[in-house]
Amino acid sequence: MRRKMAAGNWKMNGTGDTLAELTTLANDHAQAGCDVLICPPATLISRAAERVGHTTIAIGGQDCHAAEKGAHTGDISAAMLRDAGASHVILGHSERRENHGESSEMVRAKARAAWDAGLTAVICLGESLAEREAANTLDIIGGQLAGSIPDAATAENLIVAYEPIWAIGTGRVPTLDQIGEVHDFIRARLERRFGAGVGKTTRILYGGSVKPDNARDIFSVANVDGALVGGASLKAADFGAIIAALSA
Ligand code: PGA
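All values derive from a computational prediction rather than experimental measurement.

Rules behind the numbers
- Residues numbered from 1 in each chain as written.
- Predicted model: local features only at pLDDT ≥ 70, side-chain atom pairs only at ≥ 80, totals over all residues.
- Heavy atoms only, no water.
- Axes fitted to C-alpha atoms, helices over the stretch in contact; angles between N-to-C directions.
- Helix = DSSP H or I, 4+ residues; strand = E, 2+ residues; numbered from the N terminus.
- Parallel < 35°, antiparallel > 145°, perpendicular 65-115°, else oblique.
- Left-handed = near helix turned anticlockwise from the far one by under 90°.
- Contact = heavy atoms within 4.5 Å.
- Core = buried A, V, L, I, M, F, W, Y, C linked by side-chain atoms within 4.5 Å.
- Buried < 20%, exposed > 50% of the residue type's maximum accessible area, 1.4 Å probe, protein only.
- Expected span 1.5 Å × (residues − 1).
- Pairing = 2+ DSSP bridges.
- Near = heavy atom within 4 Å.
- Polar contact = N/O pair within 3.5 Å; in protein donor to acceptor, adjacent residues only side chain to side chain.
- Areas by Shrake-Rupley, 256 points an atom, 1.4 Å probe, with all protein chains shown as cover.
- Right-handed = clockwise from strand over helix to strand, strands pointing away.

## Focus on the packing of helix H1 (residues 19–28) against helix H2 (residues 45–52)
Put simply, H1 and H2 touch, their axes get as near as 10 Å, and they point 25° apart. Between H1 and H2, the angle falls in the class roughly parallel. By crossing handedness, the relation of H1 to H2 is classed as right-handed. For the pair formed by H1 and H2, the contact residues are Leu19, Ala20, Leu22 and Thr23 on the first element and Arg47, Ala48, Arg51 and Val52 on the second.

Here's what the structure looks like:
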């Protein structure tokens, strides 16, 4: 009932040459058994969208501004992402929360802007290592979920990504039990807040050092509906192996 999703976050990586990876991916996984989303840097969105236009691969942004337009030098609105060919946008990634001081309130405002522009928001939640070690993980995730997701969530406009900060780019992955505990918790909170219909059908992705060799195990965990992948999404071969693990 929840179609799996493999989402790639290229972060600040990639120039025109990198689009060849996208072509390989599109050729090799034309019939992927899961949804495939690639979020390249903003400079590549329109070219990426043109490349995959005839395929089922979706293109997303990595952030947007909360305002519709205006005097915000260097920022990009949700409508601009949409106009460039994006259907999704990642919001509240821990790198944005940490490096740009984004609060859950700001993420929530951005999600509203994304929805107004017709984009699906991939909203990221995640605890730091200190928070996990202090046994505060579920409090942190619960607070971020309550604060970052607007009330008008549906299973179509929202995807949640659980990304423990200490697992991002580190090669350090939580145990399957730790992943399962947080995903079950997010599912329960979504059901409580939005009702069983939305709560049971909204996808919850896991992110943080997902690689071809651990993907299958992670995807076996209940309530893991796919992955948000950083490093391993940059090479078509690696990301393709993750797509294959999800499609199995
Ligand atoms: P990683 O990044 O796969 O390189 O750990 C995940 C993410 O930040 O989305």
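## A word on the nonpolar core
Grouped together as the largest cluster of nonpolar side chains are 64 residues, with contacts concentrated most on Ile149, Ile186, Leu190 and Phe219. Per element, the largest residue contribution to this core is seven residues, and it comes from helix H8 (residues 176–201). Discounting residues that sit within four places of it in the chain, Ile149 has contacts with Arg108, Ile123, Gln144, Leu158, Val160, Leu190, Arg193 and Phe194. Core analysis: the next-biggest nonpolar cluster, separate from the first, contains twelve residues, Ile90, Val122, Ala161 and Leu205 among them.

## Section: helix H5 (residues 104–116)
For H5, with 13 residues, the first-to-last C-alpha span of 18 Å sits near the 18 Å given by 1.5 Å per residue. Looking only at H5, the buried set comprises Ser104, Val107, Arg108, Lys110, Ala111, Ala113, Ala114 and Trp115. One or two residues past the end of H5 sits Gly118, with phi positive at roughly 85°.

## With respect to the sheet that holds strand E6 (residues 158–162)
Here we have eight strands rolled up into a closed barrel, ordered E1-E2-E3-E4-E5-E6-E7-E8, and parallel in their pairing. Each strand of the sheet is rotated relative to its neighbour by a mean of 25°, with strand direction disregarded. As paired elements, strand E3 (residues 58–61) and strand E4 (residues 88–91) share two bridges and run parallel to each other. Opposite Gly60, over in E4, you have His88 as the bridge partner. Running over the sheet, helix H10 (residues 236–247) touches strand E1 (5–9), strand E2 (35–39) and strand E8 (226–229) and is turned about 160° from E1.

## Points about unusual backbone geometry
A positive phi angle, near 50°, is found at Lys11, a position not held by glycine. Looking at where Lys11 falls in the secondary structure, it is placed in the loop between E1 and H1. Phi is positive for Asn223, which is not a glycine, with a value near 70°. In this fold, Asn223 is placed in the loop between helix H9 (212–219) and E8.

## Description of the environment of Met12
Assignment of secondary structure puts Met12 in the loop between E1 and H1. By relative accessible area, Met12 is classed as exposed at 81%. For the pair Met12 and Pro41, spaced 29 residues apart in sequence, the C-alpha separation works out to 5.9 Å.

## Details of the site of the ligand
In the neighbourhood of the ligand, 13 residues make up the surrounding shell, with Lys11, His93, Glu163, Gly169 and Ser209 lying closest. Taking Glu163, its side chain carries an N or O atom lying 2.7 Å from an oxygen atom of the ligand. Burial of the ligand by the surrounding chains reaches 97%, relative to a free accessible area of 280 Å².

## Examining the pairing of strand E7 (residues 203–207)
Within E7, five of the five residues are buried, which leaves it mostly tucked inside the rest of the structure. Alternating residues of E7 divide into Arg203, Leu205 and Gly207 and Ile204 and Tyr206, and every residue in both groups is buried. Examined bridge by bridge, E6 and E7 share four bridges and lie parallel to one another. If you follow Tyr162 over to E7, its bridge partner there is Tyr206. As a crossover connection, the stretch from E6 through H8 into E7 is right-handed. The sheet contact formed by E7 and E8 spans two bridges and is parallel. Bridge assignment links Gly207 to a residue of E8, and that residue is Leu228. Since E7 and E8 lie parallel, the crossover through H9 that links them has a hand, and here it is right-handed.

Functional significance is not addressed by these values, which are geometric in nature.
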